[in-house]
Amino acid sequence: MAQHIAQKLRLTAALLGTVSRKDLAAAFRGVNPKTAFDLGRADKWLQGRAQPRQLSVYDDWSKLLKLEQPGAWIAESDLPGFTAAICARHGIERAELERRAGAHFETASGHEERSLGLALAGTYACYSRALSPYYRGQLIRGSLSIEAGLGAHGLTAAYREVLPTGQLLVGGPVTPAKRGLYAHLKETNGDAAHFFLCLFPQSRPGSVLGGYMCGTTIIGPEPQPSLTRILMIRLRNPVPEAWGGYLPPDGSIAADLASLGLSVEQTEAVDRQLAQFLVGDSDGGANQIPPAEFRAILDVFDRHWLSHPGQA
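**Student:** Give me the lowdown on the state of the cysteines, citing residues and values where you can.
**Tutor:** The tally for this structure, following the rule as stated, stands at zero disulfides. Residue Cys198 stays outside any disulfide, its sulfur separated by 9.8 Å from that of Cys214, the closest cysteine.

Printed below as a string of structure tokens:
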């Protein structure tokens, strides 16, 4: 799966010294006159709104950069690995290449989006309703780190929970938009858990993010599609490695935040306010569909489907 295409193209343009999209397209034509890299689609690629679908584009890209790796590697590599490879191949320091890339394709709107990305970057203490039926009604604590990469769409997030079964770590791109802030986070190994964050748009100074987290249960007899409200409170200090996991039933979020160096006044009032937000319109736990309810409907329509194989 292709990733970080916009940032990789900006690094490529900076390395080649191409000033415009037209120059970058011409560079691709220099290695393949029939390249599928065209000016019209390059605009969306550089803005992070789309990515090349033809493998031949990545093959041409590899030739352009004179890399030993195939085109598929360019598509799938992470950003640090891609940067290290082209720096080593062309004998340039990473800091210098990133500095050059930051000066390319500057626009007023792009500058505004980069500023927003820098404002989002940081560490957050996260609180949400536990998805596991074994901990129903309890809060679970997680930590979120957001990093700003190159370009206007270079935000990535890593979310971590300390569970009784081990550490859960998911990560992925963050997309700021006018009507919301979105993130698709997944494991890079293990059982490949996926979570989706749909949050309110970020505001200045950005002390709190909040909205919904959607995913399936990790600890339980069977996976359940689940939805819970989540609050992410920005911290000034890194989160200790051992911090996280389920908050005791009588635990105080305000006291928990104080242990991380963030002390607030009127702790009881703050605890009530945060608890009210996190519970929302649920019964105290995450919004979940009981598996038996879904299986009962599945049984009806599976039987009908199997007994009427030719029905349109």
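**Student:** Give a detailed account of the packing of aromatic side chains, specifying residues and quantitative values.
**Tutor:** Per the counting criterion, the structure on display carries nine aromatic pairs. Residues Tyr58 and Trp61 carry aromatic rings whose centres are separated by 6.2 Å and whose planes lie at 20° to one another, so their mutual orientation is stacked. Of the two residues, Tyr58 and Trp61 are both situated in helix α4 (residues 55–65); the distance of three residues between them amounts to about one turn of the helix. Of the residues examined, Trp61 reaches a relative accessible area of 0% and is grouped as buried. Residues Trp61 and Phe82 carry aromatic rings whose centres are separated by 6.1 Å and whose planes lie at 70° to one another, so their mutual orientation is edge-to-face. Of the two residues, Trp61 sits in helix α4 while Phe82 sits in helix α6 (residues 79–90), which places them 21 residues apart along the sequence. Look at Phe82 and you get buried, because its relative accessible area is 0%.

**Student:** Can you lay out helix α3 (residues 39–47) for me, pointing to particular residues and giving the numbers?
**Tutor:** Ala42, Trp45 and Leu46 are the residues of α3 that are buried. On an axial view of α3, the arc spanned by its buried residues comes to 90°, and they lie on one face. In this fold, the buried residues of α3 make contact with α1 (5–16), α2 (21–31) and α4. Count one or two residues on from α3 and you reach Gly48, which has phi positive near 75°.

**Student:** If you had to explain helix α10 (residues 267–279) to someone new, which residues and values would you point to?
**Tutor:** The end-to-end C-alpha distance of α10, which contains 13 residues, comes to 18 Å, matching closely the 18 Å that a straight helix rising 1.5 Å per residue would cover. When α10 is considered as a whole, its buried residues turn out to be Asp271, Leu274 and Leu278. One face of α10 carries all of its buried residues, which in axial projection span an arc of 70°. Across α10 from its buried face, at more than 90 degrees, point the exposed residues Glu268, Arg272, Gln273 and Gln276. Contacts from the buried residues of α10 go to β1 (122–129), β2 (139–148), β8 (225–235) and α9 (253–258). Residue Gly280 follows α10 closely and has a positive phi angle near 60°.

**Student:** For the side chain of Asp271, give the residues involved together with the corresponding values.
**Tutor:** Assignment of secondary structure puts Asp271 in helix α10. As a buried residue without a salt bridge, Asp271 has its nearest oppositely charged side chain in Arg272, at a separation of 8.2 Å. In terms of polar contacts, Asp271 uses its side chain to reach the side chain of Ser252, at 2.6 Å.

**Student:** Explain the confidence of the model for the protein chain to me, using residue names and the numbers behind them.
**Tutor:** Per-residue confidence for the protein chain gives a mean pLDDT of 85; residues scoring 70 or more make up 91%. Within the protein chain, no element has a lower average pLDDT than helix α8 (residues 108–120), which sits at 54, and none a higher one than α4, at 95. In this model residues 105–112 is a low-confidence stretch, pLDDT under 50, and it forms nine contacts with partners more than four residues away in sequence or in other chains.

**Student:** Report on the environment of Ile253, specifying residues and quantitative values.
**Tutor:** Within the element layout of this structure, Ile253 appears in helix α9. Overall, the relative accessible area of 5% leaves Ile253 in the buried class. The sequence separation of Ile253 and Arg204 amounts to 49 residues, and the corresponding C-alpha distance is 23 Å.

**Student:** Describe the pattern of salt bridges, naming the residues involved and giving the relevant values.
**Tutor:** Summed over all chains, the structure comprises seven salt bridges. Salt-bridge contacts for Glu98 lead to Arg94; the nearest nitrogen and oxygen are separated by 2.9 Å. On the criterion of helical spacing, the pair formed by Glu98 and Arg94 is a turn pair, its members being four residues apart in helix α7 (residues 94–102). We classify Arg94 as partly exposed; its relative accessible area is 42%.

About the cut-offs
Residues numbered from 1 in each chain as written. Predicted model: local features only at pLDDT ≥ 70, side-chain atom pairs only at ≥ 80, totals over all residues. Heavy atoms only, no water. Disulfide = S-S within 2.5 Å. Phe/Tyr/Trp six-rings, centres within 6.5 Å; stacked < 30°, edge-to-face > 60°. Helix = DSSP H or I, 4+ residues; strand = E, 2+ residues; numbered from the N terminus. Buried < 20%, exposed > 50% of the residue type's maximum accessible area, 1.4 Å probe, protein only. Arc of directions from axis to C-beta. Contact = heavy atoms within 4.5 Å. Expected span 1.5 Å × (residues − 1). Lys, Arg positive; Asp, Glu negative; His and termini not counted. Salt bridge = Lys/Arg side-chain N within 4 Å of Asp/Glu carboxyl O. Polar contact = N/O pair within 3.5 Å; in protein donor to acceptor, adjacent residues only side chain to side chain. pLDDT = per-residue confidence, 0-100.

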